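Structural overview for review
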Amino acid sequence: MSIDYAERIPNNVNLANDRTLQRALEHWQPKFLDWWHQLGPHDFAGSDVYLRTAVGVDAQGWANYGYVKMPDYRWGIFLADALPDRKIGFGDAYGQPVWQQVPGEFRSQFRRLIVTQGDTEPASVEQQHLLGRTCPSLYDLRNLFQINVEEGRHLWAMVYLLHAYFGRDGREEAEELLARHSGDADKPRILGTFNEPIADWLSFFMFSYFTDRDGKFQLKSLAESSFDPLARTCRFMLTEEAHHMFVGDTGIGRVIRRALEVMKELGTDDPAAVRRHGAIDLPTVQRYINFWFTSCLDLFGSEVSSNAAVTFANGIKGRPDESQYEDHVCANATFPLEVPDGRGGVATDTVPLRNAMNEVARIAYAKDCDIGVKRWNMAIKRAGHDFQLALPSLRFRRSIGAWAGAATDPAGKPIARAEYDRRLPDWLPSESDRAFVGSLMHPVREPGKMAGWIAPPDRGINNLPVAYEYVRLS
Ligand code: BYC
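The rules we used
Residues numbered from 1 in each chain as written. Predicted model: local features only at pLDDT ≥ 70, side-chain atom pairs only at ≥ 80, totals over all residues. Heavy atoms only, no water. Core = buried A, V, L, I, M, F, W, Y, C linked by side-chain atoms within 4.5 Å. Buried < 20%, exposed > 50% of the residue type's maximum accessible area, 1.4 Å probe, protein only. Helix = DSSP H or I, 4+ residues; strand = E, 2+ residues; numbered from the N terminus. Near = heavy atom within 4 Å. Polar contact = N/O pair within 3.5 Å; in protein donor to acceptor, adjacent residues only side chain to side chain. Areas by Shrake-Rupley, 256 points an atom, 1.4 Å probe, with all protein chains shown as cover. Pairing = 2+ DSSP bridges. Contact = heavy atoms within 4.5 Å. Axes fitted to C-alpha atoms, helices over the stretch in contact; angles between N-to-C directions. Expected span 1.5 Å × (residues − 1). Parallel < 35°, antiparallel > 145°, perpendicular 65-115°, else oblique. Left-handed = near helix turned anticlockwise from the far one by under 90°. Nonpolar A, V, L, I, M, F, W, Y, C, P; charged D, E, K, R; others polar. Phe/Tyr/Trp six-rings, centres within 6.5 Å; stacked < 30°, edge-to-face > 60°. Lys NZ or Arg CZ within 6 Å of the ring centre and 35° of its normal. Salt bridge = Lys/Arg side-chain N within 4 Å of Asp/Glu carboxyl O.

Here the focus is the nonpolar core. Core analysis: the biggest nonpolar cluster contains 117 residues, and Phe-210 and Trp-453 have the highest contact counts within it. Here the element with the most residues in this core is helix α3 (residues 138-165); it accounts for 15 residues. Counting 12 residues, the second-largest nonpolar core is a separate cluster that includes Phe-90, Phe-312, Cys-330 and Leu-353.

See the structure below:
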């Protein structure tokens, strides 16, 4: 079904045919807009931003581009087309037809997952609320806003599911999604990473690379769901997500490229010299990677999780790319898990595979994260430097799961608590690292100009030049 833009809420779910649902969502819409005005991108409500807007749900030509003032963005409800005769792809009901409604016995599990997913979307917009003030270029500013409006749309996607399939409970949850706020002492966002401040653009690029990639893997898992409207919603969200990770990947890559240019120019890899020249040294990039990657590892939940086992068994949440596995039922399969042995070492536990699904997803995620790191390292090597960036171990600095609170070095080697406490500040961004990166954050708002700490992108948006005026400031 094509997207109907004549409607007050653009949609391809035939909203006009369900007046009760339409009215409920139209009632929520002004609350969303109030929230956007208060906690969405600060200062830029009157600017024209060169944004893409979804116009269809096909892989080809699903979006068009043009200037939009963000508060006028057409947030809507878009589901990927239904796959004919789709069957349940995993769990106890493997091979049976998928569900068009939520089975009563699984209602609270579905609601919990949809609320958790929905909570992250406005959280990220809140985290990035002030970033526009310090954009390194108009190109980057536009990308930030593109991501923000699409996260707003992803919130709409989850709110639609809550309203359409969870009755009064769902409507209440939709209100709560606007009542919790990132970093709020009383009503924080649900998941840890989404309460971390994103005060500078290096953090933003790290977030887009690492946290949006968690989004990719969680959405892939939910796209496998037997509840077909959820699966279709997530399939379309994944189309949009790719750009967000691209922004993170190329953003970090450009920071590194600029550092390498400065190192070449100065003939030294001394971090202090690189900093004095206004670029971000590679050890600082590594410390930011350590922080954001480990924070995101926690987003997959515990290594051994009864929630994960139940949602897999019930066909609620599969593994990312479920079709790549041979066994989709996993009733008797086991998984070898490395856990702290309680004596400062590592032991291997054998656990039911269903309980280890979070770990399966986390490992796939870490592998995907490493692709960019390898590419950045190639650039560093090509420039003639020994320095190599690395992802820390899945055991390092964990707050959730088997390794929560364990003292290990970034390579995952258990170490004494005192050594951990002493060395941790060297492994994570220190106050002075953050202050230094913060000191570079001055807005650059002339088309085509870049801040001195970041190299220009290879190309512009939608085949336009890098120097295009991507945001017309009001
Ligand atoms: N922080 O059995 P456990 C995205 C809670 S990102 C705080 O270990 P489970 C995006 C957990 O909620 C993708 N709490 O784990 C990116 C549970 O609490 P309750 C977001 C945490 O349930 C960028 C308890 O610990 N989508 O889209 O198997 C920009 C025990 O849980 C954390 C999803 O997450 C944490 N890090 O798995 C914008 C998908 N980790 O319920 C957007 C939906 C765990 O007992 N969510 N807990 O009170 C899920 O699938 C699962 O809830 C989780 C946890 C994977 C998060």
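The environment of the ligand is formed by 29 residues, the closest being Gln-117, Ser-302, Ser-305, Asn-307 and Lys-317. Residue Arg-112 places a side-chain N or O atom 3.1 Å away from an oxygen atom belonging to the ligand. A distance of 2.6 Å is found between a nitrogen atom of the ligand and a side-chain nitrogen or oxygen belonging to Gln-117. Notes on the ligand: free accessible area 1000 Å², of which the protein chains cover 81%. Looking at the shell around the ligand, the elements with two or more residues in it are α2 (107-127), α5 (201-223) and α9 (306-313). With 7 residues, α2 is the single largest residue contributor to the shell around the ligand.

This part covers the environment of Glu-172. Summarising the element assignment, Glu-172 is placed in helix α4 (residues 167-179). Overall, the relative accessible area of 44% leaves Glu-172 in the partly exposed class. Separated by 176 residues in sequence, Glu-172 and Thr-348 have C-alpha atoms that sit 43 Å apart.

This next bit is on the sheet that holds strand β1 (residues 48-54). Reading across the sheet, the 3 strands line up as β2-β1-β5 and stay open at both edges, with antiparallel pairing between neighbours. The outermost strands of the open sheet, each flanked by one partner alone, are β2 (63-69) and β5 (471-472). Of the strands in this sheet, β1, β2 and β5 touch α3, which is tilted by about 40° from β1.

Of all 7 residues that make up β1, 6 are buried, and the element is covered over most of its length. Alignment of β1 against β2, held across 7 bridges, turns out to be antiparallel. Bridging across to β2, Leu-51 finds its partner in Gly-66. Of the strand pairs in this sheet, β1 and β5 are connected by 2 bridges, and their pairing is antiparallel. Bridging across to β5, Asp-48 finds its partner in Arg-472.

Even without glycine at this site, Asp-43 takes up a positive phi of about 80°. Examined against the element boundaries, Asp-43 turns out to sit in the loop between α1 (19-39) and β1. Phi at Asn-463 takes a positive value of approximately 65°, unusual for a residue other than glycine. You can call Asn-463 exposed: its relative accessible area is 80%.

When the terminal C-alpha atoms of α3 are compared, their 41 Å separation across 28 residues agrees well with the 40 Å that a helix rising 1.5 Å per residue should span. With 27 of 28 residues buried, α3 lies mostly within the body of the structure. The opening residue of α3, the one whose side-chain oxygen lies 3.3 Å from the backbone nitrogen of Tyr-139, is Ser-137. Among the residues trailing α3, Gly-167 stands out with phi positive, at a value near 55°.

Packed helices, taken two at a time, are described by the angle their axes make and the gap between the axes. Their axes nearest at 11 Å, the elements helix α8 (residues 282-297) and helix α12 (residues 431-439) cross at an angle of 110°. The orientation of α8 relative to α12 falls into the category roughly perpendicular. Relative to α12, α8 is oriented so that their crossing is left-handed. For the pair α8 and α12, the contacting residues are Thr-284, Arg-287, Tyr-288 and Phe-291 in the first and Asp-433, Arg-434 and Val-437 in the second. Its residues assigned to classes, the contact of α8 with α12 shows 3 nonpolar, 1 polar and 3 charged.

Glancing now at the pairing of strand β4 (residues 346-352). Examined bridge by bridge, strand β3 (residues 334-340) and β4 share 7 bridges and lie antiparallel to one another. Bridge assignment links Thr-334 to a residue of β4, and that residue is Pro-352. Taken together, β3 and the strand that follows it, β4, pair antiparallel across an intervening segment of 5 residues, in which Gly-342 is found at a positive phi of about 85°.

Looking now at the packing of aromatic side chains. Using the criterion set out here, one finds 37 aromatic pairs in the structure. Ring centres of Phe-32 and Trp-75 lie 4.9 Å apart, and the angle between their planes is 75°; this geometry places the pair in the edge-to-face category. Taken together, the residues Phe-32 in helix α1 and Trp-75 in the loop between β2 and α2 connect sequence positions 43 residues apart. Exposure remark for Phe-32: the relative accessible area of 1% places this residue in the buried category. Look at Trp-75 and you get buried, because its relative accessible area is 4%. Here the aromatic cluster, defined as three or more aromatic residues joined through ring pairs, consists of Trp-28, Phe-32, Trp-35, Trp-36, Tyr-73, Trp-75 and Trp-156. Over the ring of Tyr-67 we find Arg-472; its NZ or CZ atom is 3.7 Å from the centre of that ring.

To continue, consider the pattern of salt bridges. Across all of its chains, the model carries 36 salt bridges by this definition. The salt bridge involving Glu-172 is made with Arg-168; its shortest N-O contact spans 3.2 Å. On the criterion of helical spacing, the pair formed by Glu-172 and Arg-168 is a turn pair, its members being 4 residues apart in helix α4. On the basis of relative accessibility, which here comes to 61%, the residue Arg-168 falls in the exposed class. Here the salt bridges share partners, and the residues they tie into one network are Asp-298, Glu-303, Glu-359, Arg-362 and Arg-398.

In short, shape yes, function no, at least from these values alone.
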